[in-house]
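# Topology and contacts: notes
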Amino acid sequence: MLIRRMDINDLERVVSLEQQLFSSSWSYADFLYELLENDFSFNYVIEKDGFIVGYIGVWFMYEQAQITTIGVDPCYQRQGLGKEMMETVMEIAQRNQCETMSLEVRVSNFKAISLYESLGFHKEAIRKNYYQDNQEDAYLMIKRLEESM
Ligand SMILES: CC(C)(COP(=O)(O)OP(=O)(O)OC[C@H]1O[C@@H](n2cnc3c(N)ncnc32)[C@H](O)[C@@H]1OP(=O)(O)O)[C@@H](O)C(=O)NCCC(=O)NCCS
């Protein structure tokens with residue numbers, strides 16, 4: 001198992017996973033912007049046996065880190081890979097002097113909420129009608145990084 005920075009050659013596989021995992025997905029161009037244009041954006045893939053089975057994106061914005069996306073191939077879910085990627089970016093965030101990490105998650109996404117709560121994130125607020133595809137609410141979830149690291 002290997003976690004490494006995402007590069008352009010990974011995008012076809014990442015976008016295909018993204019389309020499989022999300023009802024409203026980021027396009028190739030969206031990821032390309034993150035890799036090439038957005039200086040705050042750091043993106044990683046996780047490989048098993050040389051094959052990409054998941055990915056995570058985070059913005060490091062001074063003292064705040066924000067998870068932008070995380071996904072694991074359905075065939076490889078519930079094997080600890082999502083947690084492994086989250087822990088990796090939390091460590092990198094701490095090394096970058098980030099004090100908090102935040103994210104938004106659909107209120108119905110119990111798998112992801114459970115993952116984040118297992119890592120010490122708490123529900124800070126509800127963002128009403130946050131998702132454009134079905135007007136679903138989001139939880140804003142936050143973790144203070146120095147608490148347990
Ligand atoms: C959310 C997601 C990334 C989790 O990845 P994963 O590799 O399956 O998660 P892990 O195996 O590391 O699970 C870690 C913890 O998360 C929770 N969890 C993960 N999947 C769960 C499930 N199906 N049911 C209940 N809890 C779950 C558990 O607490 C789990 O710990 P445990 O297995 O010791 O009980 C994955 O389900 C996914 O890609 N979902 C679709 C995309 C998505 O919704 N991303 C989040 C957007 S905010």
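Residues numbered from 1 in each chain as written. Predicted model: local features only at pLDDT ≥ 70, side-chain atom pairs only at ≥ 80, totals over all residues.

## What to know about the nonpolar core
One broad rule of soluble globular proteins: the nonpolar side chains tend to lie buried together. Ranked by internal contacts, the top residues of the largest apolar core, which has 32 residues, are Val14, Val58, Met85, Val89, Ala93 and Met101. Counting only elements with at least two residues in this core, the list comes to helix H1 (11-21), strand E2 (41-48), strand E3 (51-61), strand E4 (64-72), helix H3 (81-95), strand E5 (100-106) and strand E7 (138-144). Here the element with the most residues in this core is H3; it accounts for 6 residues. Apart from residues no more than four positions distant in its own chain, Val89 is found in contact with Tyr44, Ile56 and Val58. (Core = buried A, V, L, I, M, F, W, Y, C linked by C-beta atoms within 7 Å. Buried ≥ 20, exposed ≤ 12 C-beta atoms within 10 Å, placed from the backbone. Helix = DSSP H or I, 4+ residues; strand = E, 2+ residues; numbered from the N terminus. Contact = placed C-beta atoms within 7 Å.)

## Considerations on H1
When H1 is considered as a whole, its buried residues turn out to be Leu11, Val14 and Leu17. Each buried residue of H1 sits inside an arc of 125° when the element is viewed along its axis, so together they form one side. Along H1, the residues that are exposed and aim more than 90 degrees away from the buried face are Glu12, Gln19 and Gln20. On its buried face, H1 is in contact with helix H2 (28-36), E2, E3 and E4. (Arc of directions from axis to C-beta.)

## A word on the environment of Tyr139
Relative to the helices and strands, Tyr139 resides in strand E7. Residue Tyr139 is classed as buried on the basis of its C-beta count, with 22 C-beta atoms lying within 10 Å. Residues within four places of Tyr139 in sequence aside, it is in contact with Val105, Val107, Ile113, Lys123 and Ile126.

## Some points on the site of the ligand
Surrounding the ligand, one finds 18 residues, the nearest of these being Gln77, Gly82, Lys83, Ser114 and Leu115. For the shell around the ligand, the elements supplying multiple residues, two or more each, are E4, H3 and helix H4 (110-118). The leading source of residues in the shell around the ligand is H4, at 5 residues. A breakdown of the residues in the shell around the ligand according to their chemical character gives 7 nonpolar, 8 polar and 3 charged. (Near = placed C-beta within 6 Å. Nonpolar A, V, L, I, M, F, W, Y, C, P; charged D, E, K, R; others polar.)

Any functional reading would require information beyond the geometric quantities listed.
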